[in-house]
Amino acid sequence: MDALRRGAVPESGLDLLATGLGRFEQAVDEELDTVAAGGSVFKAVRGEYGSGKTFFTRWLGERAKRRTFAVAEVQVSETETPLHKLETVYRRLTERLTTASFLPSALRPVADAWFYALEEDALADGAGESELPTAVDRLLTARLAEVSRQAPAFATALRGYKQSLDAGDEATAAAVMSWLGGQPHVAAAARRSAGVRGDLDHFGAFGFLQGLLTVLRDAGHAGLVLVLDEVETLQRVRSDARDKALNALRQLIDEVHSGRFPGLYLVITGTPAFYDGQQGVQRLAPLAQRLATDFTTDPRFDNPRAVQIRLPGFTEESLTGLGATIRDLYAEGSRSPDRIKQLADDTYLTDLARSVGGALGGKVGVAPRLYLKKLVGDVLDRIDQFPDFDPRTHYKLTVGSGDLTATERNFAAPAPVASADDLELEL
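Treat the numbers as computed from the prediction; the structure is a model and nothing was measured.

**Student:** I keep staring at the overall build of the protein and nothing clicks. Help me out?
**Tutor:** Counting its regular elements, the protein contains 20 helices and five strands. Expressed as lengths along the three principal axes of its C-alpha atoms, the size of the protein is roughly 85 × 55 × 45 Å. Nonlocal contacts in the protein, meaning residues at least 24 apart in sequence, comprise 72% of its contacts between residues at least 6 apart. Here the protein has roughly 20,300 Å² of accessible surface; of this, 50% comes from carbon and sulfur atoms.

**Student:** Before we go on, may I ask you to explain the environment of valine 89 in this structure?
**Tutor:** Mapped onto the secondary structure, valine 89 falls in helix H4 (residues 86-96). On the basis of relative accessible area, valine 89 is assigned to the buried category, the value being 6%. Sequence separation of valine 89 and alanine 205 is 116 residues, and the distance between their C-alpha atoms is 8.4 Å. In this structure valine 89 touches Val74, Thr81, Pro82, Leu83 and Leu228, once residues within four positions along its chain are discounted.

**Student:** Help me understand the nonpolar core in this model?
**Tutor:** Within soluble globular proteins, side chains that are nonpolar tend to cluster in buried spots. Counting 77 residues, the largest nonpolar core has Leu224 and Leu228 as its most contacted members. Of all hydrophobic cores here, the second largest spans 49 residues; its members include Leu17, Val267, Phe314 and Tyr371.

**Student:** It is not clear to me how the packing of helix H6 (residues 132-143) against helix H8 (residues 152-166) should be interpreted in this structure. Could you clarify?
**Tutor:** The geometry of a pair of packed helices is captured by two quantities: the angle between their axes and the separation between those axes. Relative orientation of the contacting elements H6 and H8 amounts to 160°, with a least axis distance of 10 Å. Compared by their axis directions, H6 and H8 come out roughly antiparallel. Remark: the crossing between H6 and H8 carries right-handed chirality. The segment H6 lies against H8, with Asp137, Leu140 and Thr141 engaging Ala155, Leu158 and Arg159. Residue composition of the contact of H6 with H8, by class: three nonpolar, one polar and two charged.

**Student:** Got a minute to help me understand the pairing of strand S1 (residues 41-46) in this structure?
**Tutor:** On a regular strand, each side chain points to the face opposite its neighbour's, so the side chains alternate between the two faces of the sheet. The buried count for S1 comes to six of six residues, which makes it a mostly enclosed element. Every second residue of S1 is oriented toward a common face, with Val41, Lys43 and Val45 on one face and Phe42, Ala44 and Arg46 on the other, all of them buried. Where S1 meets strand S4 (residues 264-270), six bridges bridge the pair, whose relative direction is parallel. Across the sheet, residue valine 41 finds its bridge partner in S4, namely tyrosine 265. Across three bridges, S1 lies against strand S5 (residues 308-310) in parallel orientation.

**Student:** Explain the sheet that holds S1 here, please?
**Tutor:** Within a sheet, each strand pairs with its neighbour through backbone hydrogen bonds, oriented either parallel or antiparallel. Read across the sheet, five strands follow the order S2-S3-S4-S1-S5 without closing on themselves; strand pairing throughout is parallel. What marks the edges here is a single partner per strand, and that holds for strand S2 (70-75) and S5. Across the sheet, the mean angle from the axis of one strand to that of its neighbour is 20°, orientation sign disregarded. Here five bridges tie strand S3 (residues 224-229) to S4, and the two strands are oriented parallel to one another. Across the sheet, the residue bridging to leucine 224 is leucine 264, located in S4. Across the sheet, helix H2 (residues 22-36) is in contact with S1, S3, S4 and S5; its angle to S4 comes to roughly 140°. The strands touched by H4 within the sheet are S2 and S3, with S2 carrying the most contacts at an inclination of about 130°.

Parameters and conventions
Residues numbered from 1 in each chain as written. Predicted model: local features only at pLDDT ≥ 70, side-chain atom pairs only at ≥ 80, totals over all residues. Heavy atoms only, no water. Helix = DSSP H or I, 4+ residues; strand = E, 2+ residues; numbered from the N terminus. Contact = heavy atoms within 4.5 Å. Areas by Shrake-Rupley, 256 points an atom, 1.4 Å probe, with all protein chains shown as cover. Buried < 20%, exposed > 50% of the residue type's maximum accessible area, 1.4 Å probe, protein only. Core = buried A, V, L, I, M, F, W, Y, C linked by side-chain atoms within 4.5 Å. Axes fitted to C-alpha atoms, helices over the stretch in contact; angles between N-to-C directions. Parallel < 35°, antiparallel > 145°, perpendicular 65-115°, else oblique. Left-handed = near helix turned anticlockwise from the far one by under 90°. Nonpolar A, V, L, I, M, F, W, Y, C, P; charged D, E, K, R; others polar. Pairing = 2+ DSSP bridges.

Here's what the structure looks like:
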């Protein structure tokens, strides 16, 4: 509720709020089963602003965590995370890596769990206490043999991390783990101690991702769900950077389909303009071919198993239904549940949805964030705290510029006039 009050997507409990996602459940679960069995999946999610792309990916991440997956959500941006620099994408991935047990960054707990699993396997194979370090090193080499052919530095750094831990050198161990996470500017002494040099580059990122997937699986995780959110921002970068980013995306998709990343479920999100426009996917024909999906049929018959799926966005009816779900959840923890349900009945929720949609130029589909923020923060909180508050009498929806994102402000702006003759002047 606090996240909704701030106009943000909650980090957990999304199954309680899911509206209209039931159609995707079976396909998503089947794809997660495929990844858990050693396969890999790529999925593109399309939807207009406000259609729930971020909500969908976090809902997917929650389902994945319940199946012991690790999850990482990376926001693509020109300055912080340019898609054509895969070493930066990998770094953000490790920074945002989370599991059901550990908050970001879960990289070091995952590595520690992996070494514990190696020790258990070595002991099960009959290794004694004095032979354990050698047996663990032998298992490490064997488990990362495939990765070492592509990125030998990954296995070397892991070995250096373990040696630093065994020697009680926590500072060096932490520095080496930072280097494994793709962090630049790690102390040269720590790198020398681990037997590695330089920083991770664009070409090494693929090998490090392979290594991370291997460690995750051996540490007891079913795989990794990686979300690249807001990929449509590529449309606003320089043309040379955009072309490099689109090609990097094409390359990443090809690697997923080739089976190089067993245990990876890769998801990207974007607007229809990104997928269909000449400044987005259509700019690179091979990428457009890989993402091509027929959306000319009735949305009711969209294929949830397709490489690209679309989120239809909210209608007034579905927005009211979501409001009712939030109201009922709020009432469960309220001091006045009966008053909550009485004063914020379905009729009022519909009226509020219309008012918020009207404030955004009649675009109900882009209203969920603002609608839920106003419902929880301005209506339900007041009903709960003030016994004499009646939203129909004491509350009038106001939407200031501070309430709106840049995109929402564009929808709220008055429509441009067709000619000078249409301007209304006060004389």
